[in-house]
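Notes for the structure review
Chain by chain, the residues run as shown.
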Amino acid sequence: MLNTPYYLLDLEKLKNNLYSMQSAFGRQWPKFKIGYSFKTNNLPWLVSWFRTQGVYAEVVSTPEYELAKITGYDDDRIILNGPHKGNETLLKVMKNGGIVNLDSFEEIEFLTENAEELKDAKVGLRINFDLEKECPGETIPGQEPGRFGFNLENGDFGKAVNMLKACKNIKIAGIHGHHSTRTKSLGIFTAITNAVCKAAQEIEDLEYLDMGGCIFGDKPGAPSFDEYAETITGIMKKHNISRDVTLIMEPGAALVASPFSYVCKVTATKDIKGTRLVFTDGSKKHIAPQMNNISFACKLPDMSDRQTVDRQVISGYSCIEMDRFAEIKNGRELLKDDMIEVMNCGAYTISLAPLFIEYFPQVVVKDNGELTTVREAWGTKEFLQKNIIIK
Ligand SMILES: *Cc1c(COP(=O)(O)O)cnc(C)c1O
């Protein structure tokens, strides 16, 4: 049974995104792997579906690692990144042949202290460099330093390489270059790939180069998978990277943003100061949890026989004034019980939605016209789990 609000996953769109990315990069580089970024959308059904497609799990914490295991990923199909992996998890994934990209000297120290537990273990190093200098205005921290990885300019990267070379049970196998950016531009990937390839010159037994995620998928007007693949592999070829080296990408939003929508229902309307306020049983908390000011594209019912209204503002159930997520100018009037489908809701929504006023909505997968509930809505019972109340 469908109860609004709910998220709707169009499986055909998800397949299109995944297969077109795989073939775009596969045409340009012989060894290519995708690690799906769990944090972008950690719906258990979704991450288990990626596993059935041969995609690796890209995880950045012990709970994400546990989710990968429970949803069927073997350790050698896990990429463990991030500044807080958990030491036990770090050691386990390394022992079992997964990919671990180190982020700090403290992690290297922990590994050298526990090196006797390891045999022929491999690690990667995440690099940090001044991307803002090469692509002004395009990075998230701007003039502030990036937080992740070993800095190339201050000598940290060289120091990390030397520490690991001195450790006989561990060898460096890869370089990791993920950066979140505002623009996801081809210029960004030119700079990242150049820096990754330069850092790789220090590595003797190079097995993989991981360029991270933060690319566009099927967004109209944005760079295509083909363009990203040509840019990245073009630079790898220029640096004479061996074709035996595996190229890894870690997409999140590029795969999952567009296949998800969010369906809610009109509950009430009001006319105030020349604006028609349209209330729904959905919330901006579910589609833009960080409450950024995006006006979402919405699919509306057929309303051709209705009158036109100057301005309608679609808003949510919460008691937050700015829980408003779409504006319609000179459109047909929405009425109580109309269904509204908010498009492109898959990235950083389900994984970031709060338990605020109402709880997690239902999630439904559409495959060949058939609908399957893959997560039931949370109610008060689920909210109360692990809590103590005074009777
Ligand atoms: C967040 C993240 C990704 C995915 O980012 P998207 O913008 O969702 O593609 C990939 N790799 C790492 C290390 C990340 O932190």
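Preceding this section is the structure that the text describes.
The sections below set out a description of the structure shown in this document. (Residues numbered from 1 in each chain as written. Predicted model: local features only at pLDDT ≥ 70, side-chain atom pairs only at ≥ 80, totals over all residues. Heavy atoms only, no water.)

**Quick look at the overall build of the chain**
Test applied: Only DSSP runs of H or I covering at least 4 residues are called helices, and only runs of E covering at least 2 are called strands; the numbering of each starts at the N terminus. Our radius of gyration is a C-alpha quantity, and the globule rule it is checked against amounts to 2.2 Å times the number of residues to the power 0.38. By definition in these notes, contact holds between two residues if any of their heavy atoms fall within 4.5 Å. Accessible surface is estimated by sampling points in the Shrake-Rupley manner with a 1.4 Å probe; for residues, cover comes only from the protein chains shown. Residues scored as positive are Lys and Arg, those scored as negative are Asp and Glu, and His as well as the terminal groups of each chain are ignored. Taken as the charge location is NZ of Lys, CZ of Arg, CG of Asp or CD of Glu.
In terms of helices and strands, the chain carries 11 helices and 18 strands. In terms of overall dimensions, the chain is globule-like: its C-alpha atoms have a radius of gyration of 23 Å, near the 21 Å expected for 391 residues. By its C-alpha atoms, the chain is 75 × 55 × 40 Å across when sized along the principal axes. Put simply, of all contacts in the chain between residues at least 6 apart along the chain, 68% involve residues at least 24 apart. Carbon and sulfur atoms make up 49% of the accessible area of the chain, which amounts to about 19,000 Å² in all. Taken together, the 46 basic and 52 acidic charged side chains of the chain have centroids lying 2 Å from each other.

**So, helix 9 (residues 225–238)**
The line we're drawing: Multiplying one less than the number of residues by 1.5 Å gives the expected span of a helix.
Taking 1.5 Å per residue as the helical rise, helix 9 with its 14 residues ought to reach 20 Å, and the 20 Å between its terminal C-alpha atoms agrees with that figure. Residues of helix 9 that are buried make contact with helix 1 (11–28), helix 8 (186–200), strand 9 (208–210), strand 10 (246–249) and helix 10 (253–256). Immediately beyond the C-terminal end of helix 9, within one or two residues, lies Asn240, with a positive phi of roughly 55 degrees.

**A few points about the site of the ligand**
Quick note on the threshold: Throughout, the term near means that a residue has one or more heavy atoms lying within 4 Å of the molecule or strand in question. For the purposes of these results, a polar contact is taken to be a pair of N or O atoms within 3.5 Å, where, inside protein, one atom must be able to donate a hydrogen and its partner to accept one; residues adjacent in sequence count only when each atom of the pair is a side-chain atom.
What surrounds the ligand is a group of 15 residues, the closest being Lys39, Thr40, Cys214, Glu250 and Tyr348. Here an oxygen atom of the ligand and a backbone polar atom of Cys214 are 2.8 Å apart. For the ligand, a nitrogen atom lies 2.7 Å from a polar atom in the side chain of Glu250. Here the ligand loses 93% of its free accessible area of 390 Å² to cover by the protein chains.

**Some details on the packing of helix 1 against helix 9**
Two quantities define a packed helix pair, namely the angle between the axes and the distance from one axis to the other. The criterion, for reference: For helices, the fitted line uses only the C-alpha atoms of the stretch in contact; every axis is such a line through C-alpha atoms, and the angle between N-to-C directions lies from 0 to 180 degrees. Oblique is the label for every angle not falling under 35 degrees (roughly parallel), over 145 degrees (roughly antiparallel), or within 65 to 115 degrees (roughly perpendicular). Should the near helix be turned anticlockwise from the far one by less than a right angle, the crossing is termed left-handed; should it be turned clockwise, right-handed. Amino acid classes used here: Ala, Val, Leu, Ile, Met, Phe, Trp, Tyr, Cys and Pro are nonpolar; Asp, Glu, Lys and Arg are charged; the rest, including Gly, are polar.
Between helix 1 and helix 9, the least distance of the axes is 9 Å, while the angle of their chain directions is 30 degrees. In terms of orientation, helix 1 lies roughly parallel with respect to helix 9. Like other packed secondary-structure pairs, helix 1 and helix 9 cross with a definite hand, here right-handed. Taking contact as the criterion, the partners of Asn17, Ser20, Met21, Ala24, Phe25, Arg27 and Gln28 in helix 1 are, on helix 9, Phe225, Asp226, Tyr228, Ala229, Glu230, Ile232, Thr233 and Lys237. For the contact of helix 1 with helix 9, the class distribution of residues is seven nonpolar, four polar and four charged.

**Considering helix 8**
For clarity, the threshold we go by: Partly exposed residues are those whose accessible area sits between 20% and 50% of the maximum for their type, while under 20% is buried and over 50% is exposed, using a 1.4 Å probe and protein chains only.
Its 15 residues give helix 8 an end-to-end C-alpha distance of 21 Å, which sits within 8% of 21 Å, the value for a rise of 1.5 Å per residue. The set of residues buried in helix 8 consists of Ile188, Phe189, Ala191, Ile192, Thr193, Ala195, Val196, Cys197, Ala199 and Ala200.

**Structural notes on the nonpolar core**
Basically, it comes down to this: Here the nonpolar core consists of buried residues drawn from Ala, Val, Leu, Ile, Met, Phe, Trp, Tyr and Cys, with membership extended through side-chain atoms lying within 4.5 Å.
If you look at the biggest cluster of nonpolar residues, it comprises 103 residues, and the most contacted ones within it are Phe50, Leu102, Leu111 and Leu209. The leading source of residues in this core is helix 8, at nine residues. Apart from the residues within four sequence positions on either side, Leu102 is in contact with Lys85, Leu90, Glu107, Ile108, Leu111, Val123, Gly124, Leu125, Arg126, Phe150 and Leu164.

**Concerning the environment of Lys39**
Counting through the fold element by element, Lys39 comes out in the loop between strand 2 (32–37) and helix 2 (44–52). With 172 residues separating them along the chain, Lys39 and Met211 place their C-alpha atoms 17 Å apart. Apart from residues no more than four positions distant in its own chain, Lys39 is found in contact with Glu64, Tyr348 and Ser351.

**Focus: the packing of aromatic side chains**
Here is the rule: Aromatic contacts are taken between Phe, Tyr and Trp rings whose centres are within 6.5 Å, Trp giving its six-membered ring; a plane angle under 30 degrees counts as stacked, one over 60 as edge-to-face, and the others as tilted. Look at NZ for Lys and CZ for Arg. If either is within 6 Å of the ring centre and within 35 degrees of the ring normal, a charge sits over the ring.
Applying the stated rule across the entire model yields 10 aromatic pairs. Seen from their ring centres, Phe38 and Tyr73 are 5.7 Å apart, and the 65 degrees between their planes marks the pair as edge-to-face. Residue Phe38 is located in the loop between strand 2 and helix 2, and its partner Tyr73 is located in the loop between helix 3 (62–70) and strand 4 (78–80); the two are separated by 35 residues in the primary sequence. In this pair, the class of Phe38 matches that of Tyr73, namely buried. Seen in terms of ring centroids, Tyr359 and Phe383 are 4.7 Å apart; in terms of plane orientation they differ by 10 degrees. Their pairing is stacked. Of the two residues, Tyr359 is situated in the loop between strand 16 (339–342) and strand 17 (362–367) and Phe383 in helix 11 (residues 380–384); the sequence distance between them amounts to 24 residues. Its guanidinium or amino end placed over the ring of Phe216, Lys184 lies 5.1 Å from that ring's centre, counting from NZ or CZ. One Lys or Arg, Lys285, reaches over the ring of Phe356 and ends 5.2 Å from the middle of that ring.

**Some points on the pattern of salt bridges**
Heads up, the condition is: A pairing counts as a salt bridge when a side-chain nitrogen of Lys or Arg comes within 4 Å of a carboxyl oxygen of Asp or Glu.
For the coordinates displayed, the defined rule picks out 14 salt bridges. One salt bridge in this structure joins Glu107 and Lys85, with 3.0 Å as the shortest N-O distance. Of this pair, Glu107 sits in helix 5 (residues 105–113) while Lys85 sits in the loop between strand 4 and helix 4 (87–95), and the two are 22 residues apart along the sequence. Judged by its relative accessible area of 7%, Glu107 is buried. You can call Lys85 buried: its relative accessible area is 1%.

**Considerations on the environment of Cys214**
Examined against the element boundaries, Cys214 turns out to sit in the loop between strand 9 and helix 9. Residues Cys214 and Gly97, spaced 117 residues apart in sequence, show a C-alpha to C-alpha distance of 26 Å. Beyond its immediate sequence surroundings of up to four residues, Cys214 is in contact with His178, His179, Ser180, Thr181, Lys184 and Phe189.

**Side note on the pairing of strand 10**
Put simply, the rule is: A pair of strands counts as paired when DSSP detects no fewer than two bridges linking them.
Going residue by residue along strand 10, you find Thr246 and Ile248 tucked away on one face and Leu247 and Met249 tucked away on the opposite face as well. Judged from the three bridges that link them, strand 2 and strand 10 form a sheet pairing that is parallel. Among the inter-strand pairings, Ile34 is bridged to a residue of strand 10, identified as Met249. One ladder, built from three bridges, connects strand 9 with strand 10; its direction is parallel. Across the sheet, the residue bridging to Leu209 is Leu247, located in strand 10.

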